Amino acid sequence: MTERLLVCGLGSGMDRSLAELRSTRRELVVVTDTPTERAREAADVLLVCDPADGSAVLAELSAAGIDRLDGVFSLGADNPPAVSVVAHRFGCPGLPLETALDCTLKDRRLAILREAGLDLPRFAAAESVEEALRAVAEVGLPAVIKPSDQTGSLGVVKVDSPGAVRELAAEALRLSPVGRIVVEEFLEGTEHTLAAFMVDGELHRFGFADREYGRKEEFAPYFFEGGDTLPSRLTGEQIEEVTDTVRRGALALRLDPAVINTDILRTRDGRVVLLEITCRITGARIATEVMRLATGVDPLPNVVRLALGRPLDLSELRPTRDGAAVQRFLPADGGVVEWVGDPRDVARRAGVHDVFWGIELAPGTVVPPYRGGADVLAGVIAYAGDTAEAEAIAERTLRALPLRFKAPTR
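Residues numbered from 1 in each chain as written. Predicted model: local features only at pLDDT ≥ 70, side-chain atom pairs only at ≥ 80, totals over all residues. Heavy atoms only, no water.

Relative to the helices and strands, tyrosine 383 resides in strand E18 (residues 376–384). Note: C-alpha distance between tyrosine 383 and valine 273 (110 residues apart in sequence) is 29 Å. With residues up to four places along the chain from it excluded, the contact list for tyrosine 383 reads Leu293, Ala324, Ala325, Gly351, Val352, His353, Ala390 and Ile393. (Helix = DSSP H or I, 4+ residues; strand = E, 2+ residues; numbered from the N terminus. Contact = heavy atoms within 4.5 Å.)

Okay, structure coming up:
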């Protein structure tokens, strides 16, 4: 009998990985709220609903007459609770729902990590503006306000003054489906992404990237992340220190067996602070394309093995390439589109893996001002023998985008 896999959720651009999964000769059921042509072509069954809503996913599966699944996972979508709900319903391997909630809801995750003794920012949770005011007084300024249950930097802001807390907290609460926010101490340093599998208490790292924050506060109070870079600027010893911190965090959250995505901050005085850790593959094409371009490691076969309850093939996690790869984003910053061409015309340049629009563009499109991670105008993935050349290729490519805005009227 052909194995049937449910891909419950596609992160931004991750529909490209479906073609590779399709080639494994397994039946693919795909759930997404943003169906694309790639998804339609690769899926044996395509269901359209919110992949973060476990009840909605189960209802769609039932309506489609699907009564058997052999494995469930997401491709970069931050929906571990829904994945756990569906896996439990069909008797597939997967983490318990409580574990998925612990690593998805920021206030629960922080409390567990603090209890385990990990180095964290000072933090407090709030369910009202008044509680947020007290939380900021407790944590201190500057601080970061985050909806407890949102992803992709949605609603994440920096607050520098007491007078700004009320408005920014109200907005974050509005964006939180559970009506809860986290106020964290603002720390400065370098940020990094570690991708790994956790099995039997052992962390198997397969990717490590530096996060690009050179323009982090240009759109204050919102943060802008410019992309990712491999190889890392950290030393081997520093990377191992980060890896040990992630392992401790995964153990505390009981993420075993699991594929793990993390966001780590290394402060200027050498502290290793675990900002985010969740049980899903790194999204935004980072694990499946950017890291792979630099190292040659393809994590997808092991993601499938994990979902089916089979042992990992650790040999597939060893690097076979020693190159450089970067992803760089161009932020949306307002304006009206006058003309737009095909980014694939630019993608034909040497060292360019892909160029893409972050939002749908056409003449007359009104581009909003930047307010968070979803407001990316365009992006490029580039590769070369060294980091400087890969970054130069990415910069030249973004400057050559076939896009023109109307001149502002006075």
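Turning our eyes to something else, we now look at helix H3 (residues 54–63). Each turn of an α-helix holds 3.6 residues, which means side chains three or four residues apart point in the same direction. Here H3 has its buried residues at Gly54, Val57 and Leu61. Down the axis of H3, the smallest arc covering the buried residues is 60°, so these residues share one side. Away from its buried face by more than 90 degrees, H3 exposes Ser55, Ser62 and Ala63. Taken together, the buried residues of H3 touch strand E1 (4–10), strand E2 (27–32), strand E3 (45–48) and helix H4 (80–90). In this structure aspartate 53 caps H3, since a side-chain oxygen of it lies 3.2 Å from the backbone nitrogen of serine 55. Trailing H3 by a residue or two, glycine 65 shows a phi angle of about 75°, which is positive. (Buried < 20%, exposed > 50% of the residue type's maximum accessible area, 1.4 Å probe, protein only. Arc of directions from axis to C-beta. Polar contact = N/O pair within 3.5 Å; in protein donor to acceptor, adjacent residues only side chain to side chain.)

Our focus in this paragraph is the side chain of glutamate 191. For glutamate 191, the position within the fold is in strand E9 (residues 189–199). Its relative accessible area of 7% is what places glutamate 191 among the buried residues.

So, about the sheet that holds strand E10 (residues 202–212). Strand order in this open sheet of eight strands is E13-E12-E9-E10-E11-E14-E18-E16, and the pairing throughout is antiparallel. Unpaired on one side and paired on the other, strand E13 (272–278) and strand E16 (352–357) mark the two borders of the sheet. This sheet shows a mean twist of 25° between the axes of neighbouring strands, independent of strand direction. Direction of pairing for strand E12 (residues 258–267) relative to E13: antiparallel, over a ladder of six bridges. Among the inter-strand pairings, asparagine 261 is bridged to a residue of E13, identified as threonine 278. (Pairing = 2+ DSSP bridges. Axes fitted to C-alpha atoms, helices over the stretch in contact; angles between N-to-C directions.)

Let us look at the packing of aromatic side chains. Counting across every chain of the model gives six aromatic pairs. Here the aromatic rings of phenylalanine 186 and phenylalanine 223 are separated by 6.3 Å at their centres, their planes lie at 0°, and the arrangement is stacked. One end of the pair, phenylalanine 186, is in the loop between strand E8 (181–185) and E9; the other, phenylalanine 223, is in the loop between E10 and strand E11 (227–230), with 37 residues separating them in the sequence. Using a relative accessible area of 11% as the deciding quantity, one classes phenylalanine 223 as buried. Here the aromatic rings of phenylalanine 224 and tyrosine 370 are separated by 5.4 Å at their centres, their planes lie at 90°, and the arrangement is edge-to-face. In this pair, phenylalanine 224 is assigned in the loop between E10 and E11 and tyrosine 370 in the loop between strand E17 (366–367) and E18, connecting sequence segments 146 residues apart. Residue classification places phenylalanine 224 among the buried positions, given a relative accessible area of 2%. Chaining the aromatic ring pairs together yields one cluster made of Phe219, Phe224 and Tyr370. Directly above the aromatic system of phenylalanine 90 lies the positively charged group of arginine 89, at a separation of 4.7 Å from the ring centroid. Lysine 216 extends its terminal NZ or CZ atom over the ring of phenylalanine 223, reaching a point 5.3 Å from the ring centre. (Phe/Tyr/Trp six-rings, centres within 6.5 Å; stacked < 30°, edge-to-face > 60°. Lys NZ or Arg CZ within 6 Å of the ring centre and 35° of its normal.)

Mapped onto the secondary structure, valine 303 falls in helix H11 (residues 300–307). Taking the C-alpha atoms as reference points, valine 303 and glutamate 360, separated by 57 residues in sequence, lie 30 Å from one another. Once residues lying within four places of it in the same chain are set aside, the contact partners of valine 303 are Phe73, Phe197 and Ile281.

Where burial is concerned, most of strand E6 (residues 143–147) is hidden: five out of the five residues are buried. Every second residue of E6 is oriented toward a common face, with Ala143, Ile145 and Pro147 on one face and Val144 and Lys146 on the other, all of them buried. The pairing of E6 with strand E7 (residues 157–159) spans three bridges and is classified as antiparallel. When the sheet's bridge partners are listed, alanine 143 is paired in E7 with valine 159. Sheet topology note: the E6/E8 ladder contains five bridges and is antiparallel. Counted as the bridge partner of isoleucine 145 is valine 183 from E8.

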